[in-house]
Amino acid sequence: MSQNLKQIFGSLTFFIIMKKSLIIFFIIILNQISFGQETFVPKSDTKNSNQIISNVFEDIESSIREGNVSRISKYLGAQTYFSLSNGVNGYYSPNQAYYILEDYFNIYKVTAFKFNQINKDKSNPYATGTFAFDSKGKRSTAKVYISLKKIGDKWYITQLTIN
């Protein structure tokens, strides 16, 4: 009888261990399925995003080249950081930023502008370029840095530096 009890308890212990092992196995699998997934961005989405970023920078580039503050202003977010060669720096609302840029372009008349480098990384897109201008009859150049951030489905300028 003790042999039969050992066999029954042995089988019962084996069954309990197997049951616990299966439960743990399924918990691990479910955890991997629900939390272990990597974010996958299809290449077509990346290409589309890169094209949109390119279009935004092209529009900003031509707006600066033309000194068209109205066109640039559609990319000004709630708080845009400015650091300009005329001493203006800080965070400004879209309305303030509009007048700051208008004053800047009235003093520093654009003769040419071109982005030299555009980084289309959608987590931190930015562009750098050279700004040629006339101020008080004197020609000069300045470096430009512009960074963007996507809010909702629209891209906004987060920083504009001209030095």
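Residues numbered from 1 in each chain as written. Predicted model: local features only at pLDDT ≥ 70, side-chain atom pairs only at ≥ 80, totals over all residues. Heavy atoms only, no water.

(A) Focus on the overall build of the protein chain. When helices and strands are counted, the protein chain shows four helices and six strands. Tracing the protein chain from N to C terminus, the helices and strands come up as α-α-α-β-β-α-β-β-β-β. Looking at the protein chain as a whole, 30% of its 163 residues qualify as buried. For the protein chain, restricting intrachain contacts to residue pairs at least 6 apart in sequence, the fraction spanning at least 24 positions comes to 42%. Within the structure as shown, the protein chain displays about 11000 Å² of accessible surface, and the carbon and sulfur contribution to it stands at 57%. (Helix = DSSP H or I, 4+ residues; strand = E, 2+ residues; numbered from the N terminus. Buried < 20%, exposed > 50% of the residue type's maximum accessible area, 1.4 Å probe, protein only. Contact = heavy atoms within 4.5 Å. Areas by Shrake-Rupley, 256 points an atom, 1.4 Å probe, with all protein chains shown as cover.)

(B) Spatial organisation of the side chain of glutamate 61. Summarising the element assignment, glutamate 61 is placed in helix α2 (residues 43-66). If sequence neighbours within four positions are ignored, glutamate 61 has contacts with Phe113, Lys114 and Phe115.

(C) Structural detail: the packing of aromatic side chains. Under the definition given, this model contains 12 aromatic pairs. Between tyrosine 104 and phenylalanine 131, the aromatic rings sit 6.1 Å apart at their centres with planes inclined by 35°, giving tilted as the arrangement. One end of the pair, tyrosine 104, is in helix α4 (residues 94-107); the other, phenylalanine 131, is in strand β4 (residues 126-135), with 27 residues separating them in the sequence. These aromatic residues form a ring-pair network of at least three members: Tyr104, Phe105, Tyr108, Phe131 and Phe133. (Phe/Tyr/Trp six-rings, centres within 6.5 Å; stacked < 30°, edge-to-face > 60°.)

(D) Seen up close, the confidence of the model for the protein chain. Mean pLDDT over the protein chain stands at 85; residues scoring 70 or higher make up 72%. Averaged over each element, pLDDT in the protein chain is lowest for helix α1 (residues 2-35) (58) and highest for β4 (98). Every residue in residues 36-42 scores below 50 in pLDDT, and together they form four contacts with partners more than four places removed in sequence or on other chains. (pLDDT = per-residue confidence, 0-100.)

(E) Expanded view of unusual backbone geometry. Of note in this structure, lysine 136 is not a glycine but carries a positive phi near 55°. Position of lysine 136 relative to the elements: it lies in the loop between β4 and β5 (138-151).

(F) Representation of the environment of arginine 65 within the structure. With respect to the helices, strands and loops of the structure, arginine 65 is situated in helix α2. Between the C-alpha atom of arginine 65 and that of alanine 132, which follows or precedes it by 67 residues, the distance is 9.1 Å. In contact with arginine 65, not counting residues within four places along its chain, are Val110 and Phe113. Engagement of the side chain of arginine 65 in a polar contact is seen with the backbone oxygen of phenylalanine 113, the distance being 3.1 Å. (Polar contact = N/O pair within 3.5 Å; in protein donor to acceptor, adjacent residues only side chain to side chain.)

(G) Layout of the sheet that holds strand β6 (residues 154-162). Strand order across the open sheet formed by six strands is β2-β1-β6-β5-β4-β3, with mixed pairing between neighbours. Edge positions in the sheet fall to β2 (89-92) and β3 (109-119), since each has one partner strand and no second. When the angles between neighbouring strand axes are averaged without regard to direction, this sheet yields 20°. As paired elements, β3 and β4 share nine bridges and run antiparallel to each other. By the bridge assignment for β4, asparagine 119 is matched with tyrosine 126. Most of the contacts of α4 go to strand β1 (residues 76-84), to which it runs at about 35°, and overall it touches β1, β2, β3, β4 and β6. (Pairing = 2+ DSSP bridges. Axes fitted to C-alpha atoms, helices over the stretch in contact; angles between N-to-C directions.)

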